[in-house]
Amino acid sequence: FSNYLQDVADALDQYGRHTKADAIDTKLQRLSQTNNEDEYPILYHGTSEDYAPEDVQVGQKLSGLYMTTSQKSAEDYGHVRSYRLKPGVKVLDLSDGYHLWNWMQEQGILDEEDVEDVDLQNYVTGGQIFQYDISSRTHYADDIVETAHDLGYDVVKLPDTLHDENVAWVATHNGAIQSAQ
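Presented here is a report on the structure given in the accompanying data block. Position labels on residues start from 1 in each chain and follow its written sequence. Local features are withheld for residues below a pLDDT of 70 in this predicted model, meaning they are given only at 70 or higher, and side-chain atom pairs are given and counted only at 80 or more; totals for whole chains, interfaces and linings count all residues. No hydrogens and no water enter the side-chain calculation; it runs on all heavy atoms of the structure.

**As for the overall build of the protein**
Piece 1. Helix and strand assignments follow DSSP, with helices taken as H or I runs no shorter than four residues and strands as E runs no shorter than two, numbered in order from the N terminus. Helices and strands together make up the secondary structure of the protein, namely eight helices and eight strands.
Piece 2. Three exposure classes are used, based on accessible area relative to the maximum for each residue type with a 1.4 Å probe and protein chains only: buried under 20%, partly exposed in between, and exposed over 50%. Counting across all 181 residues of the protein, residues that qualify as buried make up 45%.
Piece 3. Long-range pairs, those at least 24 residues apart, make up 71% of the contacts in the protein between residues at least 6 apart in sequence.
Piece 4. Note on areas: these come from Shrake-Rupley sampling with a 1.4 Å probe, and a residue is covered only by the protein chains present in the view. Accessible surface computed for the protein: about 9,800 Å², of which carbon and sulfur atoms make up 44%. Any two residues whose heavy atoms approach within 4.5 Å at even a single point are treated as in contact.

Written as structure tokens, this is what we have:
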């Protein structure tokens, strides 16, 4: 059965189509990862607030602490703080927009009307969920982070075409990160 799913996924990738088979493939291939000490990169968080890196508080303005692997991108938001994930944290990799769209449906984050919203689907699958949220239409990024936290994840990776590296790393709680300075 898993060989069949892999063949379907390969065919979808080859022809650039994404369907419900992707959701099945997602469940088989994108299982949560557990962090080993040096497995993940240094992550950067930019802020206009003045505090020591170890005094960071997740969820001050948004659910989670949003970080990037690009120090330059973090500078766009103010003072840069660097962090590492603590050993043993659970990471949910939703960095592919199509996988994220399917996961949002599976978790009930999207209602029937949302699922039929072509603009929303294009924003999510195109890695622009943050741009969509900035328009004050929704708070999907918060819903994603809160749902992941409720499911026991410490960190969520989300697609983000706003920056060059295209992935935002979001700590769902303070215990998931430590200062890298």
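**Focus: the pairing of strand β6 (residues 155-159)**
Piece 1. Within β6, five of the five residues are buried, which leaves it mostly tucked inside the rest of the structure.
Piece 2. Of the two faces of β6, the one carrying V155, K157 and P159 and the one carrying V156 and L158 are both buried.
Piece 3. DSSP bridges decide pairing: two strands pair if at least two such bridges lie between them. Examined bridge by bridge, β6 and strand β7 (residues 167-171) share five bridges and lie antiparallel to one another. Looking at the pairing, V155 lines up with A171 of β7.

**Some points on the packing of helix α4 (residues 97-106) against helix α6 (residues 118-125)**
Piece 1. Axes here refer to lines fitted to C-alpha atoms; in helices the fit is confined to the stretch in contact. Angles between the N-to-C directions go from 0 to 180 degrees. It is at 7 Å that the axes of α4 and α6 come closest, and there the two elements cross at 130 degrees. Considering the angle they form, α4 stands oblique to α6. Contacts between α4 and α6 involve G97, Y98, L100, W101 and M104 from the first element and L120, Q121, V124 and T125 from the second.
Piece 2. Under the scheme applied, nonpolar residues are Ala, Val, Leu, Ile, Met, Phe, Trp, Tyr, Cys and Pro; charged residues are Asp, Glu, Lys and Arg; polar residues are all the others, including Gly. In the contact of α4 with α6, the residues fall into six nonpolar, three polar and no charged. The labels follow the angle: roughly parallel below 35 degrees, roughly antiparallel above 145, roughly perpendicular from 65 to 115, and oblique for the rest.

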